Structure formats: structure tokens, C-alpha cells
Amino acid sequence: QVQLVESGGGLVQPGGSLRLSCAASGNIFSISTMGWYRQAPGKPRELVATITSLGNTIYADSTRGRFTISSDNAKNTVYLQMNSLKPEDTAVYYCNAVDLKRTTSVTATYNYWGQGTQVTVSS
């Protein structure tokens, strides 16, 4: 079992910045991808950004150029630097980790989620 602990959410004015962090701990085999998703009221959960253990990144069109995802593989930690925040960024942000368990016969994929941290952008 893996636990994800998030921090860094809060209230910020439009144009401001926040930095989210998420650390994975527990019975980790090999984390291949970590990322951030968000869910606003009345809307489905959507991808914000992901990063692989090799450093490959994916960004949503709405966040590319404003947000930067990074990671520390040795610490199993992922960060999200959010700049130029807009009211549309208001949501609960969830950390995600994909863990791979490889044996001689099976490769299993496990998805883990953090508890979520509230980000509110308001003037």
C-alpha cells in the first residue's frame, strides 16, 4: 500500500502563485508516473500535468506555460509550481502515482490518489 500526502494549497489572488507538493510513501515497488489532476464543482476530474520517472511531461492546454511539474525520484515526490493563476484554476487538486510491480510472470499496475488539496483563486 502507498500513501500520498499533499501540501501547498490555499487561497490566492488572480495572478498569484502557489507551489504544491506530494510525497509518496509505503510499500512502493517502482513508481513510473506521478501527476496532478483537479476537479472543480460540477465538473469531472481532469488532468493538470504528469511526469514520468524519466522526466517526460504532459500538460493540459489550459495550464501549459503557466504551470511547471517537477519531481525528485529519490524522494518519490512531485511538485507543481503554479504561476499566473486564474479563477478558472479553482479546484481540488489531487496527486496521483502509478506504481508498477514486476514479477517473473506478471506486471501489475497500481494507481494511488492523495486526499486532495483545495486551491482557490479569487479577487
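Above this text is the structure in question.
Residues numbered from 1 in each chain as written. Predicted model: local features only at pLDDT ≥ 70, side-chain atom pairs only at ≥ 80, totals over all residues. Heavy atoms only, no water.

Trainee: Any chance you could explain the pattern of salt bridges here in plain terms?
Mentor: Where charged atoms of side chains with opposite charge meet at close range, the side chains can pair. By the definition in use, this model includes four salt bridges. A salt bridge links Glu 46 to Arg 38, with the shortest nitrogen-to-oxygen separation between them at 2.8 Å. Its salt-bridge partner being Arg 64, residue Asp 61 comes within 2.8 Å of it at the nearest N-O pair. The class for Arg 64 is partly exposed, based on a relative accessible area of 47%. Counted as one network, the salt bridges with shared partners bring together Arg 38, Glu 46, Arg 66 and Asp 89. (Salt bridge = Lys/Arg side-chain N within 4 Å of Asp/Glu carboxyl O. Buried < 20%, exposed > 50% of the residue type's maximum accessible area, 1.4 Å probe, protein only.)

Trainee: What am I meant to see in the sheet that holds strand E8 (residues 77–82) here?
Mentor: Neighbouring strands of a sheet are bound in pairs by backbone hydrogen bonds; such pairs are parallel or else antiparallel. If you walk across this open sheet you meet the four strands as E1-E3-E8-E7, and the pairing is antiparallel. The sheet is open, and its two borders are formed by strand E1 (2–7) and strand E7 (67–72), each paired with just one other strand. Neighbour-to-neighbour, the strand axes of the sheet open up by a mean angle of 15°, direction not taken into account. Pairing between E1 and strand E3 (residues 18–26): six bridges, direction antiparallel. Residue Val 2 lies in a different strand from E3, and its bridge partner there is Gly 26. (Pairing = 2+ DSSP bridges. Helix = DSSP H or I, 4+ residues; strand = E, 2+ residues; numbered from the N terminus. Axes fitted to C-alpha atoms, helices over the stretch in contact; angles between N-to-C directions.)

Trainee: Is there a simple way to explain the nonpolar core in this structure?
Mentor: Note that soluble globular proteins tend to have their nonpolar side chains buried in a common cluster. If you look at the biggest cluster of nonpolar residues, it comprises 28 residues, and the most contacted ones within it are Leu 4, Met 34, Trp 36, Leu 80, Met 82 and Tyr 93. Those elements that place two or more of their residues in this core are E1, E3, strand E4 (31–39), strand E5 (46–52), E7, E8, strand E9 (91–102) and strand E11 (117–121). (Core = buried A, V, L, I, M, F, W, Y, C linked by side-chain atoms within 4.5 Å.)

Trainee: Would you mind showing me how to read the pairing of E7 here?
Mentor: Remember that side chains alternate between the two faces of the sheet whenever the strand is regular. By the bridge criterion, six bridges tie E7 to E8 in an arrangement that is antiparallel. What sits directly across from Phe 67, in E8, is Met 82. From the end of E7 to the start of E8, which pair antiparallel, there are four residues, and Asn 76 there has a positive phi angle of about 50°.

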